Amino acid sequence: FIVVPHERLPVQRNVTLRAPDKRMTFAVPYSGATYVGTTEVDHKESCDDLAITRPEVEYLLAAAHRAFPEAGLSQEDILSTWAGLRPLVGSKPGQNPSQVKRDYTITTRASGLAVLAGGKLTGFRAMAEEVIDRLFPATASAAPRISIFLA
């Protein structure tokens, strides 16, 4: 993710952006700033040195510029960046990360620990709901489901 001042990209709610390669990224307003992300590259280096790369910054700026050319965002506007890793369940060595399905798995241990691997940031609510349902099956049918539709 890159973080820019909200005044430079004043979106009022989460916005889906289409990057030049047609992948989706997001602009998310939060606490006086706007987050723009995510990217997806295969990370082969040590996790100790994880950081966003110059090509990823350029990719995100291009996505923001494509949707909001009047903002004229540049690297000088970036307040901060952050990077993270997501395990892709079922990926094979050398496979392009963009071609790996975004499925997730949930494994529960006898101790009650639930391990969730894979998935997508945009699916976090459904994944969390499934984890809770597995850990507390007696409450799964008792809790009302809430659907949120954004227009």
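Everything numeric in this text was worked out from a predicted model, so none of it was measured.

How do you make sense of the confidence of the model for the protein chain when you look at a structure like this?
Caution is warranted with low-pLDDT regions, since their predicted coordinates should not be read in detail. Mean pLDDT over the protein chain works out to 86, with 93% of the residues at or above the 70 mark. Here helix H3 (residues 137-140) is the element of the protein chain with the lowest mean pLDDT, 76, and strand S1 (residues 2-5) is the one with the highest, 98.

Sorry, what's going on with the sheet that holds strand S5 (residues 80-81) here?
Backbone hydrogen bonds are what pair the strands of a sheet, in a parallel or an antiparallel way. Here we have five strands laid out as an open sheet, ordered S2-S3-S4-S1-S5, and antiparallel in their pairing. Where the open sheet ends on each side, the last strands, each with one partner, are strand S2 (15-18) and S5. Where strand S3 (residues 24-30) meets strand S4 (residues 33-37), five bridges bridge the pair, whose relative direction is antiparallel. Note on S4: the bridge partner recorded for Pro29 is Thr34. Relative to the sheet, helix H1 (residues 54-67) contacts S1, S2, S3 and S4, its axis offset from that of S2 by approximately 105°.

Looking at this structure, how should I read a nonpolar patch on the surface?
On the surface, Ile132, Leu135 and Phe136 cluster together into a nonpolar patch covering about 260 Å² of accessible area. Of note, Ile132 is situated in helix H2 (residues 124-135).

Explanation requested: unusual backbone geometry in the structure shown.
If a residue is not glycine, its phi is most likely negative; likewise, a peptide bond is most likely trans. Between Gly37 and Thr38 the backbone carries a cis peptide bond, its omega angle lying at 10°. One can find Thr38 in the loop between S4 and H1. In this structure, Lys22 is a non-glycine residue whose phi angle is positive, near 80°. Along the chain, the position of Lys22 falls in the loop between S2 and S3.

What should I look at first to understand the nonpolar core in this one?
Grouped burial of nonpolar side chains is what soluble globular proteins tend to show. By size, the foremost hydrophobic cluster in this structure holds 18 residues, and its most contacted members are Ile2, Leu9, Val36, Leu60, Phe68 and Leu73. Here this core takes six residues from H1, the largest share from any one element. Setting aside anything within four residues of it in sequence, one finds Ile2 in contact with Thr34, Tyr35, Val36, Ile52, Val57, Leu60, Leu61, Ile78, Ser80 and Thr81.

Explain the packing of aromatic side chains here, please?
Centre distance and the angle of the planes are the two values used to describe a pair of aromatic rings. Using the criterion set out here, one finds four aromatic pairs in the structure. Cluster of aromatic residues (ring-pair linked, three or more members): Phe1, Tyr30, Tyr35 and Trp82.

Can you walk me through H1 in this structure?
Because each turn of an α-helix spans 3.6 residues, side chains separated by three or four positions end up pointing in the same direction. With 14 residues, H1 ought to run about 20 Å at 1.5 Å a step, and its terminal C-alpha atoms sit 20 Å apart, in line with that. Of the residues making up H1, those classed as buried are Glu56, Val57, Tyr59, Leu60, Leu61, Ala63 and Ala64. Buried residues along H1 sit against S1, S2, S3 and S4.

Rules of the game
- Starting from 1, residues in each chain are numbered consecutively following that chain's sequence as written.
- Totals for whole chains, interfaces and linings use every residue, but because this is a predicted model, local features are given only for residues with pLDDT of at least 70 and side-chain atom pairs only at 80 or more, for both listing and counting.
- Side-chain metrics in this entry use all non-hydrogen atoms of the structure; hydrogen atoms and water are not considered.
- Per-residue confidence from the prediction method is given by pLDDT, with values spanning 0 to 100.
- Elements are defined by DSSP. Helices are runs of H or I of four residues or more, strands are runs of E of two residues or more, and each kind is numbered from the N terminus.
- Two strands pair under a simple rule: DSSP has to find at least two bridges between them.
- Contacts were defined at the residue level, with two residues in contact if any of their heavy atoms lie within 4.5 Å.
- Inter-axis angles, ranging from 0 to 180 degrees, are taken between N-to-C directions of lines fitted to C-alpha atoms, where helices are fitted over the stretch in contact.
- Patch membership requires more than 30% relative accessible area and the absence of a salt bridge. Residues of like charge join within 9 Å; the nonpolar side chains Val, Leu, Ile, Met, Phe, Trp and Tyr join within 5 Å.
- The Shrake-Rupley method, run with a 1.4 Å probe, gives the accessible areas here. Residue values count only the displayed protein chains as cover.
- The salt bridge definition used is simple: a Lys or Arg side-chain nitrogen within 4 Å of an Asp or Glu carboxyl oxygen.
- Take the buried residues of types Ala, Val, Leu, Ile, Met, Phe, Trp, Tyr and Cys, join any two whose side-chain atoms come within 4.5 Å, and each joined set is a nonpolar core.
- Burial status follows relative accessibility: with a 1.4 Å probe on protein chains alone, a residue under 20% of its type maximum counts as buried, one over 50% as exposed, and anything between as partly exposed.
- Aromatic pairing here means that ring centres of Phe, Tyr or Trp (its six-membered ring) are within 6.5 Å. Orientation follows from the plane angle: under 30 degrees is stacked, over 60 is edge-to-face, and everything else is tilted.
- Between the first and last residue of a helix there are one fewer steps than residues, each counted as 1.5 Å, and that sum is the expected span.

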